[in-house]
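Chain residues, written in single-letter form:
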Amino acid sequence: MGTKRHFRVWRGDSAGGDIEDFDVEVNEGEVVLDIIHRLQATQTPDLACRWNCKAGKCGSCSMEINGKPRLGCMTRMSTFEEDETVTITPLRTFPVIRDLVTDVSFNYDKARETPAFAPPPGVAPGDYRMQQVDVERSQEFRKCIECFLCQNTCHVVRDHEENKAAFSGPRYFIRAAELDMHPLDDRTDRKEYAQSHQGMGLCNITKCCTEVCPEHIKITDNAIIPMKERVVDRRYDPLVWLGRKIFRRDQLDGDGENMAPSSSVGVTDVAKGAPFTTNRGPEGPEVREDGRMDVTEVTLPTQGGPSPFGDQQFPLPSGRVAYQPPAPQYGVHDDGQDGDHGTDGHHQGH
Amino acid sequence: MTTTATKPGVGPSGPHNPRAAITAKTLRTDRWWLAPLITFVGLGAWVTYATVRVFMHDYYFVEAYHYLTPFYSPCLTDRCVEGSALFGTPLPSWWILPEAAFTLPFLLLFRLTCYYYRKAYYRAFWLSPPACAVPDGHAKYTGETRFPLIFQNAHRYAFYAAMVISLINTYDAIIAFRSGDSFGFGLGNIILVGNVVMLWLYTLSCHSCRHIAGGRLKHFSKHPVRYRIWTFVSKLNVRHMQLAWITLGTLALTDFYIMALELGWFSDLRFVG
Ligand code: SF4
Ligand code: SF4
Ligand code: FES
Ligand code: FES
């Protein structure tokens, strides 16, 4: 038998809300998400909370526990004192939908703005070859589970809503770094992009993103600072400039006089200057006369319960897609430069 | 037939859904203020000590053993005593002019633009933010996008300067193995050498150094030597914060030891000479 412990949980929606008190049973080995589930089972059947894997791998259960952004499923109850009150609130930085569920579309907008991997020209998919030492750095960033705890903690947007349009956030800085360091990515303008269009200059490297990342990605040390240094290469370093002149190594990667201009401005609604919004259009599902949604599948066009945001019909109507992917700007590579992809050679013997 | 939840309400503020209405500025219950407080006190105390010492214009050189404090190296003003001025004395002795007038500004710049110290003073002095998930102390925020903070990007110049200065400090530590005109070795030497070793480790663990050493490459496999250097620097780099504090400690200790010897508070423990 477990003990009764005191919990405070924020309840409400975008119209307002408050922290409510609960006494809940806690058993050995449980995590905070278990307590939420017990609350749902015993006291508050309508408490809203997102979760999926309960293994720290899906990134759904982000919440703030005693003021700290954490994964509910990875926060053990044994880390609190027996008589400690545990306060659970939704992520602060994003608009709240209900209770512990927030609307994280901000991050999806930013993800769409970030240029995707640019395949090396002339190498067919399936023929990509990389050496482990070359992809190692990028691999660290692939551990990201998109919990958006870093995005939520970063004071640039957490405390300054007005920066949201200009700032992509740490999760997308690691994405830019991942691709900039990727041995096969063909774009050469990612550092410029990070500085000019992702708002990396707003980051003051205070490392809160690193502190909260459940995957222990060294976001600041291994992505943001290296990217800042790469920007310095481009813009401010006299010795690199001199070395390039003396040794005629114009082909060194990262000092891109041959850099293609970022084409990524104006490809999304936000970048085009449309006001930033995380609000979705009026696409709610049909409601019954009493203003409630129907759960029966019989009357619905799709299986399963209706989404509170309306159901998407496929194929998507072309006019409604906000994002048109930019045409990749391939780097103009000289012979023997570091940026060549080592694609000759490995065809032999295949 | 049952029904599910109602649709999420549309907030009173119109199309922009508001954030959750939580009145507390932070709900953190741990002692989040402790780390910035320690940083504030530590950095504040060190800067005060260093400023006082630099403008004391005295007690910086132990002539008998050739101990020169790093705060006065290289000694360049007319005030510098015989033996301490390795590069001559091109500068006049104004009280406002530190003895090491050519190096201290660069060292200051190096530490001010250091990625670790930036984090430390942005948090502890500027409160932007004081700790994670604790609100920023300022209503407006532009980060490092404009004057003056955009000059943080100059850290790399300061790093190059710091490498040169570390060489000078190394030389100071080596020529201090003297007692009069013959070889000499005392506790002061251990302190001087220890300080220089730590300064080198701090300087080499710099993020700019890590980048220059190899971080800027896209293909490590094509640069095996630089990859190894990068790996070495990366190992130091994870200790950069610790080294930043250790060097503050060793610098102050070295300076204090030499000042105390000059003031005669105690005498050097000599092993040879
Ligand atoms: S280090 Fe930069 S990106 Fe990360 S939380 Fe701090 S300001 Fe935001
Ligand atoms: S970088 Fe870390 S904190 Fe940020 S979204 Fe990915 S896993 Fe979460
Ligand atoms: S439920 Fe998947 S990360 Fe917590
Ligand atoms: S000295 Fe700290 S990062 Fe360069």
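Rules and cut-offs
Residues numbered from 1 in each chain as written. Chains lettered and ligands numbered in written order. Predicted model: local features only at pLDDT ≥ 70, side-chain atom pairs only at ≥ 80, totals over all residues. Heavy atoms only, no water. Helix = DSSP H or I, 4+ residues; strand = E, 2+ residues; numbered from the N terminus. Rg over C-alpha atoms; globule rule 2.2 N^0.38 Å. Buried < 20%, exposed > 50% of the residue type's maximum accessible area, 1.4 Å probe, protein only. Contact = heavy atoms within 4.5 Å. Areas by Shrake-Rupley, 256 points an atom, 1.4 Å probe, with all protein chains shown as cover. Lys, Arg positive; Asp, Glu negative; His and termini not counted. Charge placed at Lys NZ, Arg CZ, Asp CG, Glu CD. Disulfide = S-S within 2.5 Å. Domains from an automatic or database assignment. Buried area = accessible area lost by both parts, 1.4 Å probe. Salt bridge = Lys/Arg side-chain N within 4 Å of Asp/Glu carboxyl O. Polar contact = N/O pair within 3.5 Å; in protein donor to acceptor, adjacent residues only side chain to side chain.

Take the overall build of chain B next. The helix and strand inventory of chain B stands at 8 helices and 7 strands. Relative to a compact globule of 273 residues, whose C-alpha radius of gyration would be 19 Å, chain B shows 25 Å and is clearly more extended. The principal-axis extents of the C-alpha atoms in chain B amount to approximately 100 × 50 × 35 Å. A burial count over chain B gives 49% of its 273 residues as buried. For chain B, restricting intrachain contacts to residue pairs at least 6 apart in sequence, the fraction spanning at least 24 positions comes to 65%. Surface accessibility of chain B: about 13300 Å² in total, with carbon and sulfur atoms responsible for 71%. Positive and negative side-chain charges in chain B, numbering 24 and 13 respectively, have mean positions lying 25 Å apart.

A few words on the state of the cysteines. Within this structure, the stated rule accounts for 2 disulfides over all chains. Between C208 of chain A and C132 of chain B runs a disulfide, and the two sulfur atoms are separated by 2.2 Å. Taking the sign of the torsion about the S-S bond as the criterion, the disulfide between C208 of chain A and C132 of chain B, at about -90°, is left-handed. Of this pair, C208 of chain A sits in helix α8 (residues 208-212) while C132 of chain B sits in the loop between α3 (115-124) and α4 (155-175), placing the two residues on different chains. Of the residues examined, C208 of chain A reaches a relative accessible area of 5% and is grouped as buried. Here C75 of chain B engages in a disulfide with C80 of chain B; their sulfurs sit 2.1 Å apart.

Take the domain arrangement of chain A next. Residue and element names in this part refer to chain A. Domain annotation of chain A identifies domain 1 (3-35 + 42-102) and domain 2 (105-258). Here the C-alpha centroids of domain 1 and domain 2 sit 32 Å apart. Between domain 1 and domain 2, the buried area comes to about 1100 Å², and carbon and sulfur atoms account for 56% of it. Ranking the residues of domain 1 by area buried against domain 2 places P69, T93 and F94 at the top, with a combined share of 51%. Applying the counting criterion to the domain 1 and domain 2 interface returns 2 salt bridges. Across the salt bridge formed by E64 and R158, the nearest N and O atoms sit 2.9 Å from each other. Put simply, domain 1 and domain 2 have 7 residue pairs in polar contact (both at pLDDT 80 or more) between them.

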